[in-house]
Amino acid sequence: MSKIGILVASSNNNLKLGLKLKELANGLNHEVELINLVDLRLPLYSTIEEQENGIPESALDLATKILELNAFIIVAPEYNGVMPPVLNNAMAWTSRATKDWRDAFNEKIVGLATHSGGGGTKGLQAMRIMFQHLGANILAREILTTYEKPLNEESAISMINSLVKLSKV
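The present account deals with the structure reproduced in this document. (Residues numbered from 1 in each chain as written. Predicted model: local features only at pLDDT ≥ 70, side-chain atom pairs only at ≥ 80, totals over all residues. Heavy atoms only, no water.)

**Quick look at the overall build of the protein chain**
Our working rule: Labels follow the DSSP assignment, with helices taken as runs of H or I lasting at least four residues and strands as runs of E lasting at least two, numbered in each case from the N terminus. Note that the radius of gyration is over C-alpha atoms, with the globule rule given as 2.2 Å times the number of residues to the power 0.38. In this scheme, a residue with accessible area under 20% of its type's maximum is buried, one over 50% is exposed, and one in between is partly exposed, where area comes from a 1.4 Å probe on protein chains only. In this description, accessible areas are obtained by the Shrake-Rupley approach with a 1.4 Å probe, and a residue is regarded as covered only by the protein chains that are shown. The charge count includes Lys and Arg as positive and Asp and Glu as negative, but it does not include His or the ends of the chains. Note that the charge is assigned to NZ on lysines, CZ on arginines, CG on aspartates and CD on glutamates.
Broken down by element type, the protein chain carries seven helices and five strands. Starting at the N terminus, the α and β elements of the protein chain follow one another as β-α-β-α-α-α-β-α-β-α-β-α. Against the compact-globule benchmark of 15 Å for 169 residues, the protein chain has a radius of gyration of 15 Å, which places it among compact chains. Considering only C-alpha atoms, the protein chain reaches an extent of 50 × 40 × 25 Å along its principal axes. The burial tally for the protein chain puts 49% of its 169 residues in the buried class. Per element, the accessible surface of the protein chain, about 8,600 Å² overall, is 48% carbon and sulfur. Across the protein chain, the centroid of the 16 positively charged side chains sits 6 Å from that of the 18 negatively charged ones.

Right, here's the structure in full:
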């Protein structure tokens, strides 16, 4: 059985979206691990921070969890036309906490999702660029919800099924 990770970079509506995606995946009998990156409270990554204090234990734990997963859904709001700092920061630490900076995502299947009050497409595009650069294979289907446009559960289930199908070895 493939294990799906849901990485959430929010404490509000995107967390609710992540929890709903987890509920749908569990309903399809898929094993799911939801990781809220906000809860990790990682320090801001810089080479000085790493040299002075090393890699935080929470970043090492995050990298270990990600390495064990087969597929992911990244759920994050759009901040100023890009992804939220907590997501970028967590991925910076993850890339430093593995042997090779791409180890955690290389050749893994990733779906992108957002709840946005102001568009969301630019945030999804920024996430697509970053995760492609990390070596992930990004699904063409994306999830974008707003206050006026709730989650299309059929579309979400299709994404979940694609993640599982494509991530099987």
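Let's pick the thread back up.
**A few points about unusual backbone geometry**
Across the chain, the bulk of peptide bonds are trans and the bulk of non-glycine residues have phi less than zero. Its identity as a non-glycine residue notwithstanding, Asn 29 has a phi of 65 degrees, on the positive side. Position of Asn 29 relative to the elements: it lies in the loop between α1 (13-27) and β2 (31-36). Take Asn 29: its relative accessible area is 62%, and that puts it in the exposed class. Positive phi is not limited to glycine here, since Arg 41 has a value of about 50 degrees. We classify Arg 41 as exposed; its relative accessible area is 74%.

**Focus: the packing of aromatic side chains**
The line we're drawing: In this scheme Phe, Tyr and Trp rings, the latter by its six-membered ring, pair at centre separations within 6.5 Å, and the angle between planes marks the pair as stacked below 30 degrees, edge-to-face above 60, and tilted otherwise.
Enumeration according to the criterion identifies three aromatic pairs in this entry. Summarising the aromatic geometry, the rings of Tyr 45 and Trp 93 are spaced 4.8 Å apart at their centres and angled 85 degrees between planes, so their arrangement reads as edge-to-face. Taken as a pair, Tyr 45 in the loop between α2 (37-40) and α3 (47-53) and Trp 93 in helix α5 (residues 85-96) lie far apart in primary sequence, 48 residues in all. The class of Trp 93 is buried, set by a relative accessible area of 0%. A centroid spacing of 5.0 Å and a plane angle of 45 degrees characterise the contact between Phe 72 and Phe 105, whose relative ring orientation is tilted. Taken together, the positions of Phe 72 in strand β3 (residues 71-75) and Phe 105 in the loop between α5 and β4 (109-115) put the pair 33 residues apart, joining distant regions of the chain. Grouping residues by exposure puts Phe 72 and Phe 105 together as buried. Taken together, the ring pairs in this structure connect Phe 72, Phe 105 and Phe 131 into an aromatic cluster.

**A short note on the pattern of salt bridges**
Close approach of charged atoms lets side chains of opposite charge pair. Which entries qualify depends on this criterion: Every case where a carboxyl oxygen of Asp or Glu lies within 4 Å of a side-chain nitrogen of Lys or Arg is listed as a salt bridge.
By the definition in use, this model includes seven salt bridges. Here Glu 153 makes a salt bridge to Lys 20, at a shortest N to O gap of 3.3 Å. One end of the pair, Glu 153, is in helix α7 (residues 153-167); the other, Lys 20, is in helix α1, with 133 residues separating them in the sequence. The exposure class assigned to Glu 153 is partly exposed, which follows from its relative accessible area of 37%. Overlapping salt bridges bring together Lys 3, Glu 31, Glu 33 and Lys 65 as one network.

**Description of helix α4 (residues 57-68)**
This is how the line gets drawn: To estimate the expected span of a helix, count its residues, drop one, and scale the result by 1.5 Å. Throughout, the arc means that of the directions going from the helix axis to the C-beta atoms. In this description, contact between two residues means that some pair of their heavy atoms is separated by no more than 4.5 Å.
The terminal C-alpha atoms of α4, which comprises twelve residues, lie 17 Å apart, in line with the 16 Å expected from a rise of 1.5 Å per residue. Among the residues making up α4, those that are buried are Ala 59, Leu 62, Ala 63 and Ile 66. Mapping the buried residues of α4 onto a view down its axis gives an arc of 100 degrees, with all of them on the same face. In α4, the exposed positions angled more than 90 degrees off the buried face are occupied by Glu 57 and Glu 68. Elements that come into contact with the buried residues of α4 comprise β1 (3-8), β2, α2, β3 and α5.

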